[in-house]
Amino acid sequence: MREIGFGLVCGIAAALGAFLIAAWPVQGRPVAAFFPAGSSAHDMAAAIATAGGSLIRIDTTPAVTVTLGENDRFIGALYQAGAWLVIDAGLARLCVGSAEWSSR
């Protein structure tokens, strides 16, 4: 029984590690910044501007923006501006699951 539990824990840890590596934002590529639920488009756009990025797409339903920043400290600036999670935009498109968002 311990072997099954150990295998389950190791499998989950490996899957989580693979997800984090795939989701890691890359400098110079678009990123998706997730904000608290209920954030307005104005607040999210202001956070992107504060962080020094260019707004590519904004969606208030899942409170996510797709943005691009050239500054080395852009990801950290997004977190300081209020983003809860910043991941690679390509992976975020799969995670959000919105047909409207992924078709554009």
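Novice: Help me understand unusual backbone geometry, please; the structure alone is not making it clear to me.
Specialist: Leaving glycine out, the prevailing phi sign among residues is negative, and the prevailing peptide bond configuration is trans. Backbone geometry places Ala63, a non-glycine residue, at a positive phi of 55°. Inspection of the secondary structure assignment puts Ala63 in the loop between β2 (54-59) and β3 (64-68). Overall, the relative accessible area of 0% leaves Ala63 in the buried class.

Novice: Sorry, what's going on with the pairing of strand β1 (residues 31-34) here?
Specialist: Sheet faces and side chains relate simply in a regular strand, where the side chains alternate between the two faces. Residues Val31 and Ala33 point to one face of β1 and Ala32 and Phe34 to the other, with burial holding for every one of them. Note that β1 and β3 share 4 bridges and pair antiparallel. Counterpart to Ala32 in the pairing with β3 is Val66. The pairing of β1 with strand β4 (residues 85-88) spans 4 bridges and is antiparallel. The residue of β4 that forms the bridge with Phe34 is Leu85.

Novice: I would appreciate a short explanation of the pairing of β3 in the present structure.
Specialist: Extensive coverage of β3 is indicated by the burial of 4 of its 5 residues. Here β2 pairs with β3 via 5 bridges, running antiparallel. If you follow Ile58 over to β3, its bridge partner there is Thr65. Hairpin connection between β2 and β3: a loop of 4 residues separates the two successive antiparallel strands, and Ala63 in this loop has a positive phi of roughly 55°.

Novice: Could you clarify how one ought to interpret the side chain of Asp59 in this entry?
Specialist: Relative to the helices and strands, Asp59 resides in strand β2. Buried charged residue Asp59 carries no salt bridge. Nearest counter-charge: Arg57, at 4.4 Å.

Novice: Even after reading the chapter, I still don't get the environment of Arg29, so can you show me in this structure?
Specialist: With respect to the helices, strands and loops of the structure, Arg29 is situated in the loop between α1 (2-23) and β1. Looking at Arg29, the relative accessible area reads 45%, which means it is partly exposed. Residues Arg29 and Leu68, spaced 39 residues apart in sequence, show a C-alpha to C-alpha distance of 6.4 Å. Once residues lying within four places of it in the same chain are set aside, the contact partners of Arg29 are Leu68 and Asp88.

The rules behind these values
Residues numbered from 1 in each chain as written. Predicted model: local features only at pLDDT ≥ 70, side-chain atom pairs only at ≥ 80, totals over all residues. Heavy atoms only, no water. Helix = DSSP H or I, 4+ residues; strand = E, 2+ residues; numbered from the N terminus. Buried < 20%, exposed > 50% of the residue type's maximum accessible area, 1.4 Å probe, protein only. Pairing = 2+ DSSP bridges. Lys, Arg positive; Asp, Glu negative; His and termini not counted. Salt bridge = Lys/Arg side-chain N within 4 Å of Asp/Glu carboxyl O. Contact = heavy atoms within 4.5 Å.

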